[in-house]
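# Coordinate inspection notes
What follows is each chain in one-letter form.
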Amino acid sequence: MTASDELRLLPWSGPEGKPCYLSADDGGGYMSRLADNIEAVQLGTAAELLDEASETLGDENAALEDVRQLAQELTGALRDVLRVATSRGHLLAANAPQRL
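These numbers come from a predicted model, not from an experiment. (Residues numbered from 1 in each chain as written. Predicted model: local features only at pLDDT ≥ 70, side-chain atom pairs only at ≥ 80, totals over all residues. Heavy atoms only, no water.)

### Points about the overall build of the protein
When helices and strands are counted, the protein shows two helices and two strands. Listed by position from the N terminus, the elements making up the protein come as β-β-α-α. Looking at the 100 residues of the protein, the share that counts as buried comes to 23%. By sequence separation, contacts in the protein at least 24 residues apart represent 54% of the contacts at least 6 residues apart. When the accessible surface of the protein is summed, it comes to about 7200 Å², and 56% of that surface belongs to carbon and sulfur atoms. (Helix = DSSP H or I, 4+ residues; strand = E, 2+ residues; numbered from the N terminus. Buried < 20%, exposed > 50% of the residue type's maximum accessible area, 1.4 Å probe, protein only. Contact = heavy atoms within 4.5 Å. Areas by Shrake-Rupley, 256 points an atom, 1.4 Å probe, with all protein chains shown as cover.)

Right, here's the structure in full:
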């Protein structure tokens, strides 16, 4: 749920890699639910890649090409996770009780 004057950073990029935002008063709309689902998939993918990275880096015989591919996938997953963290951090700040 966002404050009425807050924009939600969406978990995908727009044209030319620019961030996309959603202006909505509640988190129950179609686009908010879609963003929530995509964020969940992105976080799940990152967790799976972390497990794969542990296995690959523990394998002394891992091919260099496999390690490079893994690094590229981890870079994308880290980018996604940082976007989710940024978005959720803004949501937390927007919904935090006001201090007097």
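### So, the side chain of Ser-87
Considering the arrangement of structural elements, one finds Ser-87 in helix H2 (residues 64–95). At a separation of 2.9 Å, a polar atom in the side chain of Ser-87 contacts the main-chain carbonyl oxygen of Leu-9. Once residues within four sequence positions are removed from consideration, Ser-87 is found in contact with Arg-8, Leu-9 and Glu-39. (Polar contact = N/O pair within 3.5 Å; in protein donor to acceptor, adjacent residues only side chain to side chain.)

### Overview of unusual backbone geometry
Its identity is not glycine, yet Glu-16 carries a phi of approximately 60°, on the positive side. Here Glu-16 shows up in the loop between strand E1 (7–13) and strand E2 (19–23).

### Notes on the pairing of E2
Along E2, the buried face is formed by Cys-20 and Leu-22; none of Pro-19, Tyr-21 and Ser-23, which line the opposite face, is buried. Where E1 meets E2, four bridges bridge the pair, whose relative direction is antiparallel. Its bridge partner lying in E2, Ser-13 is registered against Pro-19. The hairpin turn running from E1 into E2, its antiparallel successor, is five residues long, and Glu-16 in that turn takes a positive phi close to 60°. (Pairing = 2+ DSSP bridges.)

### Details of the pattern of salt bridges
Taken as a whole and judged by the stated rule, the model has three salt bridges. Ionic pairing is found between Arg-8 and Glu-39, a salt bridge with its closest N-O pair at 3.3 Å. Of the two residues, Arg-8 is situated in strand E1 and Glu-39 in helix H1 (residues 30–58); the sequence distance between them amounts to 31 residues. Taking the relative accessible area as the measure of exposure, Arg-8 reaches 5% and is therefore buried. On the basis of relative accessibility, which here comes to 2%, the residue Glu-39 falls in the buried class. Where Arg-88 meets Glu-39, a salt bridge forms, and the shortest distance between an N and an O atom there is 3.2 Å. (Salt bridge = Lys/Arg side-chain N within 4 Å of Asp/Glu carboxyl O.)

### A look at H1
With 29 residues, H1 ought to run about 42 Å at 1.5 Å a step, and its terminal C-alpha atoms sit 42 Å apart, in line with that. Where H1 is concerned, the buried positions are Ser-32, Ala-35, Glu-39, Gln-42, Ala-46, Leu-49, Ala-53 and Thr-56. (Expected span 1.5 Å × (residues − 1).)

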